[in-house]
Amino acid sequence: MRINLTCSFIFLKQKWYHFLYLYPFCMKKICYILPVYNEESNLQALYQDILKSIDNFTTKYAFEFLFIDDGSFDKSLTVLTTLAKKDDRVKIISFSRNFGHQAAITAGLKNTNADCAIIMDCDLQDPAYVATQMIQKWEEGFDIVYGRRKSRKDSFFKKFSSSVFYRFLNSLSQTKIPNDTGDFRLIDRKVIDSFNQINEKNRYIRGIFSYIGFTQTEVLYDRNKRLSGKTKYPLSKMLKLSIDGITSFSTVPLKLITQMGLLVSFASFAGITYVLIMKLLNPEQLVSGWTTLILAILFMGGIQLVMLGILGSYIGRIYIEVQNRPLYIISSIIEGTPNKASSKRL
Ligand code: UDP
Ligand code: MG
């Protein structure tokens, strides 16, 4: 009772404008999750692009720019530290080595307490003004707002492979991933909380968001060219991500093994029947069978190796899950303060 009286007394003594300092704490907080791998030449432009786009929003929302340095070996971390020295909304999580784009996004989502997060690439392929359109959709009540590419300025191979892959994955999986989308999206706090409960190691994040559900909508946009530098997703990483996508969301390839086995057994049975009948009716014709024999052996060998490979990729996933190693290791966290960035080594 005494405490309450004291508090009331303190509050009565305040003028209305004394409470203005509480204003930033009442605003909704929006966090940009920005995975960085050797993007030194893009970071300054990205930061400016975001600042320009949120110009009319800063009185309404508190912003956080969470950069995850995924083991860059160029000057990305230095550029980011300079930004953090000027802007206390900048926070940097630095990994001990390169753990991959999906791990970087995961670390970002684990380390923010914002009301919603916007996941964006750092090469300006995802335009910042589209993110503000996502914020408007979020205010209309959508929990996930993903960017869908109306057009994209990528290589023919990238465009073709990704469009084929999405359609292929959707035909295999019950969890449907919207075509022509990437990780560029806004997600509400409740989606972040659900996401953070998922402990999968080989993750395919855009699939996980489809799996999580909630109300989802899209914003159409034209995907720019990368501002500078080369893609950090070479063919090997793209293949790994595609296999992760398929094995995380479908067991159809495993069922395919049985179907393939049945088909080949049926064909062999037909072949055996044919050979036996020929042996009885016309034994001389059977002498020259070398080519057929070799073809059959090679065909069976090939099929068996492919099937073993499919089994192996699922077993490999189980192995990695059982090992239960951390998805990433943080070497330092740098929190921006005006004129001074404080670094915490872990
Ligand atoms: N990235 C990352 N770790 C990696 C690969 C990429 O953090 O191992 C970041 C990269 O810096 C960029 C984003 O993930 O901000 C998407 O990568 P990129 O633009 O190279 O992919 P693309 O658009 O070519 O598919
Ligand atoms: Mg890119």
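Residues numbered from 1 in each chain as written. Chains lettered and ligands numbered in written order. Predicted model: local features only at pLDDT ≥ 70, side-chain atom pairs only at ≥ 80, totals over all residues. Heavy atoms only, no water.

S.K.: Sorry if this is basic, but what is going on with the pairing of strand E8 (residues 330–335) here?
M.R.: Put simply, side chains in a regular strand alternate between the two faces of the sheet. With 5 of 6 residues buried, E8 is to be regarded as a mostly interior element. By the bridge criterion, 5 bridges tie strand E3 (residues 90–95) to E8 in an arrangement that is antiparallel. Within E8, the position partnered with Phe-95 by the bridge is Ile-330. (Buried < 20%, exposed > 50% of the residue type's maximum accessible area, 1.4 Å probe, protein only. Helix = DSSP H or I, 4+ residues; strand = E, 2+ residues; numbered from the N terminus. Pairing = 2+ DSSP bridges.)

S.K.: Teacher, can you tell me more about the pattern of salt bridges here?
M.R.: Applying the stated criterion to the full structure yields 18 salt bridges. Among the ionic pairs, Arg-226 bridges to Glu-39, the shortest N-O distance being 3.0 Å. Residue Arg-226 is located in the loop between strand E7 (216–223) and helix H10 (235–249), and its partner Glu-39 is located in the loop between strand E1 (28–36) and helix H3 (43–53); the two are separated by 187 residues in the primary sequence. The two residues Arg-226 and Glu-39 agree in class, both being buried. Taking the shortest distance from any N to any O, the salt bridge between Glu-200 and Arg-317 comes out at 3.5 Å. Of the two residues, Glu-200 sits in the loop between helix H8 (189–196) and helix H9 (205–212) while Arg-317 sits in helix H12 (residues 290–323), which places them 117 residues apart along the sequence. The buried category is assigned to Arg-317, whose relative accessible area is 11%. Ionic contacts of the salt-bridge type, sharing partners, join the residues Glu-39, Asp-123, Arg-226 and Lys-232 into one network. (Salt bridge = Lys/Arg side-chain N within 4 Å of Asp/Glu carboxyl O.)

Without other data, these values stay purely geometric and don't point to any function.
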